[in-house]
Structures are given as structure tokens and as C-alpha cells.
Amino acid sequence: MIWFIGKNINFEIIVVNNSAEKINEIPNIILIESSKNLGFGKGQNRGAKNAKGDFLWILNSDTEIIDRGFRKVVDEIKKDEKIGVIGVRILGEYSKPQSWSAGIEPTIWHLIRNNFGFSASRKIWNSLKKREVDWVSGASLLVRRELFLKIGGFDEKFFMYFEDIDLCKRVRKAGYKVIYYPDFVIRHFGGKSFKDKEIQKKYYYQSQDYYFQKYFGKFQASLLKFLRNFFAFKDIFKKLFH
């Protein structure tokens, strides 16, 4: 996280070490150690509580800043007091737009569309135009600190995944806008938190289930699990007979 205040963009850097492995102190950086992996949201919340400025730039450890002039992102959020969150253009390892780096709110209908290759969010993460969206990725997310704390930060029941979508939903419910701003670019080397893909998948599905139950109720959460199993069976069937 990085704190910005004033016209000259003074900042502080806060590193939350969300692992059992200790790291050496780094000059001019606030280091918050944890003896275990707290989960993405809980770790970010700890960092936010130690920040002092007007804005928080939440930035994943597996990112690379390949653009210059973050001031334009700060100026963008400053010029409209109703902007609560800004997400930037995110590229993957091969400099292609990273899938699911911004989009519309996930629903059962959109889940079905996604599985048939008709994602309604694809136009957003491929876009080069600024626009209001439902959510942006927590890999790089600028948020008003006061707003972040007011709505309770990240929901810590999400260990990993969907906490950014949930945060943006609560930002919008509080009356603020979420903006996708592609004029600033970072690269995200995603999937580095877990080497075991099955564990990664487990956390993704747990968070997805919790999100749907939280906002759409038990029936849709159950329907979600049914559809997940259906599409998994469809993929297995396709591999067997093609």
C-alpha cells in the first residue's frame, strides 16, 4: 500500500509480510510482519490501519509498475469526490490484457455466459477508454482511505479471491463510483501465491460460494455449486470424446 497526500504526492510504503518467513528491515518502509498467512483481505486491512494519508494504493507483491506518472491516477480520483475506487489497466506476463482485471457484477447468468465463452466483462478489461464499472482487481486498486475504513475494509471472511469484487460492491452501495482507468498500466504475474493449483482452486470456490450466499442467498449459492459441477462434467466429457 502507498499513501499519498497533498499536491506533491508525499507517500509512505507499507509492506505486509503475509507469510511465516521473516524478511529484513528495509529503510523508509513500514514493515508489518505476520507469523502466518492471514489471507489477502486481512493482511491489507492491517496495512490500512497503519496508513495516515488520504488514499491507499493496494498493490500486489507479484506486480511490476511499467508505467510512469501515477500522479494522473491520483488527480483522477481527486477531481471527482464521488469516485471511491480506481483500477488501472493490468497486463499479464505476455503483455496481453489480464482477464478478470475489471468487470461487471458476477451473477448466475454471467457465470453461464462465461462458461460458454461469452463473457460480458471482456470488453472492459480489453478497453482503452476510461469507464465506470462494477469492480476492479485488487492487484492494483486506489481507494479513499476514509471510505475504505468507513465500510469496514475488506471482508476478512474471504481468504483469497472475490474480496475486491465485494469491496467495490460496498463502495457502490455507499454511493461512490468505481472507475476503470486504462491510462496507467501495470504488469501482474498472477498465481504466485499458491504453487498448488488445487489449493488455489479450493480458495476460489470457497470465496465464490460465500459471495453468492452473501448477496444472493442460499438458493443461488446452491445453484452455483450445481452449475460448477455441471460445467466440470461437461469439460471432462469433451476431453473424453474429442
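Heads up: the structure comes first, above all this text.
Calculation notes
- Residues numbered from 1 in each chain as written.
- Predicted model: local features only at pLDDT ≥ 70, side-chain atom pairs only at ≥ 80, totals over all residues.
- Heavy atoms only, no water.
- Helix = DSSP H or I, 4+ residues; strand = E, 2+ residues; numbered from the N terminus.
- Rg over C-alpha atoms; globule rule 2.2 N^0.38 Å.
- Contact = heavy atoms within 4.5 Å.
- Areas by Shrake-Rupley, 256 points an atom, 1.4 Å probe, with all protein chains shown as cover.
- Lys, Arg positive; Asp, Glu negative; His and termini not counted.
- Charge placed at Lys NZ, Arg CZ, Asp CG, Glu CD.
- Patch = residues over 30% accessible without salt bridge, like charges linked within 9 Å, V, L, I, M, F, W, Y side chains within 5 Å.
- Salt bridge = Lys/Arg side-chain N within 4 Å of Asp/Glu carboxyl O.
- Core = buried A, V, L, I, M, F, W, Y, C linked by side-chain atoms within 4.5 Å.
- Buried < 20%, exposed > 50% of the residue type's maximum accessible area, 1.4 Å probe, protein only.
- Phe/Tyr/Trp six-rings, centres within 6.5 Å; stacked < 30°, edge-to-face > 60°.
- Lys NZ or Arg CZ within 6 Å of the ring centre and 35° of its normal.

What exactly am I supposed to notice about the overall build of the protein chain here?
Looking only at helices and strands, one finds seven helices and eleven strands in the protein chain. In summary, the protein chain has a C-alpha radius of gyration of 18 Å against a globular reference of 18 Å for 242 residues, a match within 12%. Taken along its principal axes, the extent of the C-alpha atoms in the protein chain is 60 × 40 × 35 Å. Across the protein chain, every contact between residues at least 6 apart in sequence was considered, and the portion connecting residues at least 24 apart equals 71%. On the protein chain, roughly 13,800 Å² of surface is accessible, and the fraction owed to carbon and sulfur atoms is 54%. Of the side chains in the protein chain, 43 bear a positive and 27 a negative charge, and the two mean positions are spaced by 4 Å.

It is not clear to me how a positive patch on the surface should be interpreted in this structure. Could you clarify?
Where like charges cluster on the molecular surface, the positive patch consists of Lys36, Lys42, Arg46 and Lys49. Relative to the elements of secondary structure, lysine 49 occurs in helix α1 (residues 40–49).

Help me understand the nonpolar core in this model?
Soluble globular proteins tend to pack their nonpolar side chains together in the buried interior. Core analysis: the biggest nonpolar cluster contains 34 residues, and Val85, Val136, Leu141 and Phe148 have the highest contact counts within it. Look past the residues within four positions of valine 136 in its chain and what remains in contact with it is Val85, Ile86, Gly87, Ser101, Ala102, Leu141, Asp164, Cys168, Val178, Ile179 and Tyr180. In this structure, Trp57, Ile83, Ile86 and Tyr181 belong to the second largest nonpolar core, which totals 16 residues.

Looking at this model, I keep getting lost on the packing of aromatic side chains. Mind explaining?
For any pair of aromatic rings, the description consists of the separation of the ring centres together with the inter-plane angle of the planes. If you walk through the whole model with that rule in mind, you get 18 aromatic pairs. Between phenylalanine 162 and tyrosine 211, the aromatic rings sit 5.7 Å apart at their centres with planes inclined by 40°, giving tilted as the arrangement. Pair noted here: phenylalanine 162 is in the loop between α5 (145–150) and α6 (163–173) and tyrosine 211 is in helix α7 (residues 197–241), with a separation of 49 residues, a long-range link. The burial state of phenylalanine 162 is the same as that of tyrosine 211; both residues are buried. Seen from their ring centres, tyrosine 211 and phenylalanine 216 are 6.4 Å apart, and the 65° between their planes marks the pair as edge-to-face. Every member of this aromatic cluster is reached through a ring pair, and the members are Tyr161, Phe162, Tyr204, Tyr205, Tyr211, Phe212, Tyr215 and Phe216. The ring of tyrosine 176 has lysine 82 lying over it, and the distance from NZ or CZ to the ring centre is 4.4 Å. For the cation-ring pair, lysine 169 lies above tyrosine 215, with the distance from its terminal atom to the ring centre recorded as 4.9 Å.

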